[in-house]
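# Structural overview for review
Here is what each chain is made of, one letter per residue.
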Amino acid sequence: MDIIVCVKQVPETAEADMKINSTGKGIEKTGLVFDINEWDDYALEEAVRLKEKFGGAVTAITIGTEDADNTLRKCLARGADKAIRLTDPKFENSDGYAIAKILHKVIKDMPFNLVLTGAQADDDSYAVVGPFLAELLGIPHATMVKKIELNGEVAKINRELEGGLQEIVEVKMPSVLAIQTGINEPRYVSIMGTRKAMQKEIKILSLTETGLSENEVGEAGSWVTIQKMYVPPVEKLAEFLKGSPEEIASKIAEILRAKGLI
Amino acid sequence: MNEIFVLAEHRQGQMRDITFEMLAKGRELAEKSGAELTAVLLGEDVKDHAKTLSDYAKNVLLVEDNKLKNYNSESYQKVLSGLIKERKPWLTLMGHTSSGIDLAPRLAVMLNMPLATDCIDLKFDNQTLTVTRQMYGGKVNVEAVLRRAEGYMATIRQATFPVKKEPSMNGKIIQAPSSLSEEMTRKRFVEYVLPPPSGVDITIAEFIVGIGRGIKDASNIPQIEELAKTLGGALACSRPIVDKGWLPNDRQVGSSGKTIKPKLYIALGISGAFQHVLGMKSSDLIIAVNKDSKAPIFGVADYGVVEDLFKLVPSLKSKIQELKGQKV
């Protein structure tokens, strides 16, 4: 069971104070903490679990700068056997389509039974790379994957639909599965494991090795180009309650009383 | 500027709301671009749906086949790509839903049509399609242009475009032959499943306290559960809490969980990602507590508190107990 996992390093922004940078097309990244995209974290864990059950090897691939080695080291520490980083200034500003084209060129010549991706990335939320890649590779896929059971050449998949509903589909392997969060519980890495991972090799490839031309990657090779970024206008902002926690608690209790809720 | 396709989304006999939302936006874009609005309906025995759709579109392109009974990206891709090649719509809209995001990317690559996903607005000016979408969990918006092409594809965020009462379009129902000759062998739909219920139905609770990422650790949950009990309500949560296995599936509020309309919703440590907001925005009164003053949750809350939830919760619980005349 050889599995390729596509991962991305993204800034943690859920609780961070974010600013738009001087280009007006991106965010100011200094001061932000970067980590593996949450969906990819679950994908990596799922790949390692399948490997532990069925044997084979797990390869983590990322597109990014040298900083992304942190994410690859994390993958290696958690049980990935190999890591590949695709780095080239020409890859900058690639949208999901350009990313999928780059990944495709590397993956197509590798042996694999499954390619796992996150269902989406925390930063741009395109949710496209998995199915793009499947079409480029000419193999079937499933997105929003919440459970995987392997049975010979068939992967039995639970997909998350809306309103708590799931569907079961059977997908022939090799295939691409885009993993939804919550599919498993990603393991913690021991300090020993992290140390060991520091010694493992990360293979580095650039545009030349992909065989793609400059025009097929980056902004030139993308379908979607960001023109401007801005803080969303708020139609109606909450009335902020201020004071010490006790004062605020009193105000809330008063609001609830006035509305007849208690 | 001939035609705009809207792929009708339906499941288990029900037309889904996103279909009408897409048709509302599609109607506006069709008028502006001088195109005809066409609803594309794939399914088995769905003539009733076709009739419904004819009120909302100029054409209803209907393909019926028992192999289209349940959504399958493989069969949908085969049929829809055939229709797009034949009629060459300049724009095809799909929902940014479990089926739309499953199908649209493959179809776009296959047909070499630029795709933008999760759009909250679309504009067509000077032969350029510009979309508005969100990044970083809804903290920023971006305007993006699609590479110039003969045809485009976009997936549309749910509950974003209002469905207005408009005169019927008395659309023409056009029955098209199915291009499926055999069952799909690479991918097969098996069945729908619902995870077993946990015993608490948050859709009927009048008071709900919702917890999110800000709760930090499972060991912090009991004190929030007490607050919910003090209020006489139920404890619910946003996606990360269920993902971590700290609360069962049916406590999740949002597009992939439950939709709630309680008298009071207190959101603790929830940033307010769109998916969560979709499930709780109809609550009568919303109070949000979050450390980040820019959290999107404050855009939907009536009252906001920028504070560490763990500092507020004990005081809040005792104030409510006081008011209820219980012993502190």
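Residues numbered from 1 in each chain as written. Chains lettered and ligands numbered in written order. Predicted model: local features only at pLDDT ≥ 70, side-chain atom pairs only at ≥ 80, totals over all residues.

### Comments concerning the overall build of chain B
- The helix and strand inventory of chain B stands at eight helices and 17 strands.
- Taking the principal axes of its C-alpha atoms as reference, chain B extends roughly 70 × 45 × 40 Å.
- Taken across its 328 residues, chain B has 54% of its residues classed as buried.
- Across chain B, every contact between residues at least 6 apart in sequence was considered, and the portion connecting residues at least 24 apart equals 63%. (Helix = DSSP H or I, 4+ residues; strand = E, 2+ residues; numbered from the N terminus. Buried ≥ 20, exposed ≤ 12 C-beta atoms within 10 Å, placed from the backbone. Contact = placed C-beta atoms within 7 Å.)

### A word on the domain arrangement of chain B
Residues and elements named next belong to chain B.
- According to the domain assignment, chain B consists of domain 1 (3-175) and domain 2 (207-323).
- Here the C-alpha centroids of domain 1 and domain 2 sit 34 Å apart.
- Listed as interface residues are seven residues of domain 1 and, on the opposing side, seven residues of domain 2.
- Split by residue class, the side of domain 1 that touches domain 2 holds one nonpolar, four polar and two charged. (Domains from an automatic or database assignment. Nonpolar A, V, L, I, M, F, W, Y, C, P; charged D, E, K, R; others polar.)

### Overview of the nonpolar core
- Ranked by internal contacts, the top residues of the largest apolar core, which has 128 residues, are Val5(A), Leu177(A), Val6(B), Val40(B), Leu41(B) and Ala154(B).
- With eight residues, the top contributor of residues to this core is helix 3 (residues 96-107) of chain A.
- Membership of the second largest hydrophobic core comes to 54 residues, among which are Ile252(A), Ile208(B), Ile286(B) and Ile287(B). (Core = buried A, V, L, I, M, F, W, Y, C linked by C-beta atoms within 7 Å.)

### Some words on the interface of chain B and chain A
- Every contact between the two is made by 74 residues of chain B and, on the other side, 68 residues of chain A.
- Where strand 13 (residues 239-240) of chain A meets strand 17 (residues 303-306) of chain B, two bridges bridge the pair, whose relative direction is parallel. Residue Phe240(A) lies in a different strand from strand 17 of chain B, and its bridge partner there is Gly304(B). (Pairing = 2+ DSSP bridges.)

### Digging into the sheet that holds strand 15 (residues 264-268) of chain B
- Across the sheet, which stays open at both edges, the six strands sit in the order 13(A)-17(B)-16(B)-15(B)-13(B)-14(B) with parallel pairing between neighbours. Either end of the sheet is taken by a strand with one partner, and the two such strands are strand 13 of chain A together with strand 14 (234-237) of chain B.
- Examined bridge by bridge, strand 13 (residues 207-211) of chain B and strand 15 of chain B share five bridges and lie parallel to one another. Considered in strand 15 of chain B, the bridge of Ile211(B) is made with Leu268(B).
- Docked against the sheet, helix 5 (residues 221-231) of chain B engages strand 13, strand 14 and strand 15 of chain B, running at close to 165° with respect to strand 13 of chain B. (Axes fitted to C-alpha atoms, helices over the stretch in contact; angles between N-to-C directions.)

### With respect to the confidence of the model for chain B
- Confidence in the prediction of chain B, expressed as mean pLDDT, is 95, and 99% of residues score 70 or more.
- Of the two predicted TM-score estimates for the complex, the pTM is 0.95 and the ipTM is 0.95. (pLDDT = per-residue confidence, 0-100.)

### Some remarks on the environment of Glu15(A)
- By secondary structure assignment, the location of Glu15(A) is in the loop between strand 2 (9-11) and strand 3 (34-36).
- The partly exposed category is assigned to Glu15(A), around which 13 C-beta atoms lie within 10 Å.
- Taking the C-alpha atoms as reference points, Glu15(A) and Glu201(A), separated by 186 residues in sequence, lie 33 Å from one another.
- In this structure Glu15(A) touches Lys291(B) and Asp292(B), once residues within four positions along its chain are discounted.

### Side note on unusual backbone geometry
- With omega at 0°, the peptide bond leading from Met173(A) into Pro174(A) counts as cis.
- With respect to the helices and strands, Pro174(A) occurs in the loop between strand 9 (166-172) and strand 10 (175-179).
- For Asn112(B), which is not a glycine, the phi torsion comes out positive at approximately 55°.
- One can find Asn112(B) in the loop between helix 4 (100-111) and strand 7 (115-125).
- Positive phi values are uncommon outside glycine, yet Lys216(B) reaches one of about 65°.
- Within the secondary structure, Lys216(B) is located in the loop between strand 13 and helix 5.

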